[in-house]
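Notes for the structure review
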Amino acid sequence: MNLSQKIQQSWEENAETWIDAIQKERIISRKITNQAIVNAVLNHVHGSLLDMGCGEGWLCRELRQNGLETFGIDGNETLIKKAKTLSKSDEFERISYQELIAAFKGSGRSTTEGKFGNKKFFGAVFNFSIYEKEGIDLLFQTVQKILIPSGKIIIQTIHPFHLIKNGLAYRSQWIKNSWEGLDDGFKNGHPWYLRTFGEWSDLFYQCPYRLLKIYEPTNPDTQEPLSVIFILESIQQVK
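First, a word on scope: everything that follows refers to the structure included in this document. (Residues numbered from 1 in each chain as written. Predicted model: local features only at pLDDT ≥ 70, side-chain atom pairs only at ≥ 80, totals over all residues. Heavy atoms only, no water.)

Some details on the environment of Q8
Topologically, Q8 is positioned in helix 1 (residues 3–23). With 151 residues separating them in the primary sequence, Q8 and H159 have C-alpha atoms 23 Å apart. (Helix = DSSP H or I, 4+ residues; strand = E, 2+ residues; numbered from the N terminus.)

Observations regarding the layout of surface pockets
Considering only enclosed or pocket space, the second largest pocket measures out at about 300 Å³ in volume. If you trace the second largest pocket, you find 15 residues lining it, with I22, E25, R30, N34 and W58 closest to the centre. Those elements that place two or more of their residues in the lining of the second largest pocket are helix 1, helix 2 (30–44) and helix 3 (58–65). Here the element with the most residues in the lining of the second largest pocket is helix 2; it accounts for 5 residues. Looking at the lining of the second largest pocket residue by residue, the class counts come to 5 nonpolar, 3 polar and 7 charged. (1 Å grid on protein atoms, 1.4 Å probe; cavity = no way out; pocket = protein on both sides within 12 Å on 5 of 7 lines; lining within 4 Å. Points joined across faces, edges and corners; volume = space filled by probe spheres on them. Nonpolar A, V, L, I, M, F, W, Y, C, P; charged D, E, K, R; others polar.)

What about the packing of helix 2 against helix 3?
Where helix 2 contacts helix 3, the two axes come as close as 11 Å, and the packing angle between them is 50 degrees. Compared by their axis directions, helix 2 and helix 3 come out oblique. Crossing hand, helix 2 versus helix 3: right-handed. Side by side, helix 2 and helix 3 meet where R30, N34, I37, V38, V41 and L42 of the first sit next to W58, L59, E62 and L63 of the second. Here the contact of helix 2 with helix 3 is built from residues that sort into 7 nonpolar, 1 polar and 2 charged. (Axes fitted to C-alpha atoms, helices over the stretch in contact; angles between N-to-C directions. Parallel < 35°, antiparallel > 145°, perpendicular 65-115°, else oblique. Left-handed = near helix turned anticlockwise from the far one by under 90°. Contact = heavy atoms within 4.5 Å.)

What to know about the environment of A36
With respect to the secondary-structure elements, A36 resides in helix 2. What makes A36 buried here is its relative accessible area of 16%. Measuring from C-alpha to C-alpha, the distance between A36 and Y215 comes to 8.3 Å, with 179 residues separating the pair along the chain. The contacts of A36, once residues within four sequence positions are left out, are Q156, P217 and I229. (Buried < 20%, exposed > 50% of the residue type's maximum accessible area, 1.4 Å probe, protein only.)

Focus: the sheet that holds strand 3 (residues 92–94)
Spatial strand order, 3-2-1-4-5-9-8: 7 strands in an open sheet with mixed pairing. Looking at the sheet topology across the chains shown, the edges are occupied by strand 3 and strand 8 (209–215). Adjacent strand axes in the sheet meet at a mean angle of 20 degrees, parallel and antiparallel pairs treated alike. By the bridge criterion, 3 bridges tie strand 2 (residues 69–74) to strand 3 in an arrangement that is parallel. Residue pairing for strand 3: D74 is matched across the bridge by R94. Packing of helix 6 (residues 136–144) onto the sheet brings it into contact with strand 1 (48–52), strand 4 (121–127), strand 5 (147–158), strand 8 and strand 9 (227–234), and relative to strand 5 it is tilted by some 145 degrees. (Pairing = 2+ DSSP bridges.)

So, helix 1
Across its 21 residues, helix 1 extends 28 Å between first and last C-alpha, which sits within 8% of the 30 Å expected from 1.5 Å per residue. Of all the bends found along helix 1, the most pronounced is centred on N14 and spans about 60 degrees. Those residues of helix 1 not exposed but buried are I7, S10, W11, N14, A15, T17, W18, I19, A21 and I22. If you follow the buried residues of helix 1, they end up packed against helix 2, helix 3 and helix 4 (77–87). Measuring from the backbone nitrogen of S4 back to the side-chain oxygen at the start of helix 1 gives 3.2 Å, which picks out N2 as the cap. Of the residues one or two after helix 1, E25 is the one with positive phi, at around 55 degrees. (Expected span 1.5 Å × (residues − 1). Bend = angle between axes of the 7 residues up to and from the residue. Polar contact = N/O pair within 3.5 Å; in protein donor to acceptor, adjacent residues only side chain to side chain.)

Below, the structure is given as structure tokens:
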């Protein structure tokens, strides 16, 4: 079983638990990071947004209430079904990152018909939905093909401070359990790759993207960073 399959299996086993955790706000840090990603999107995207790894669709619903047109994709069928039910919308599709990359390989787009067709988005958001080390450059390059020329990519992920806080060396590395720190309802956590700021910067340059802004949501009690949000624009489209 490869890493992508392990991630998919882990989410299949934890989909219902995740839905319950989001609906009941059981993940305390999310009260801060959820609002942070909403604010970041609204500050930088106007029009339509593609939610990459949308889960049960909470972000799409929140952004629609603020006037954005949204479309969500996720590799988990349970989460997509829940997103459609809760959102009362068909603007969600089960498609994995690997399938998306394959669909846009080369210049063709025909294999995405029935997904979101030839639609171009003003922005794409990855909200805690990047786990792997390899293939992220191809994913970002694929997303470029889906955005309008002035489109943005917004990424929220674990802050590199997590390494220091947990007594680890400050270097990009694999973290064993994606569910560590959550309650006992989660099981079979998959590994995820935590990048330093330097490695994120290298990745953006290779794709290539220009970094426009960084937000660092913090815990108001401890003043420790809970996440980091990157706002990106394609270098190819910068005048």
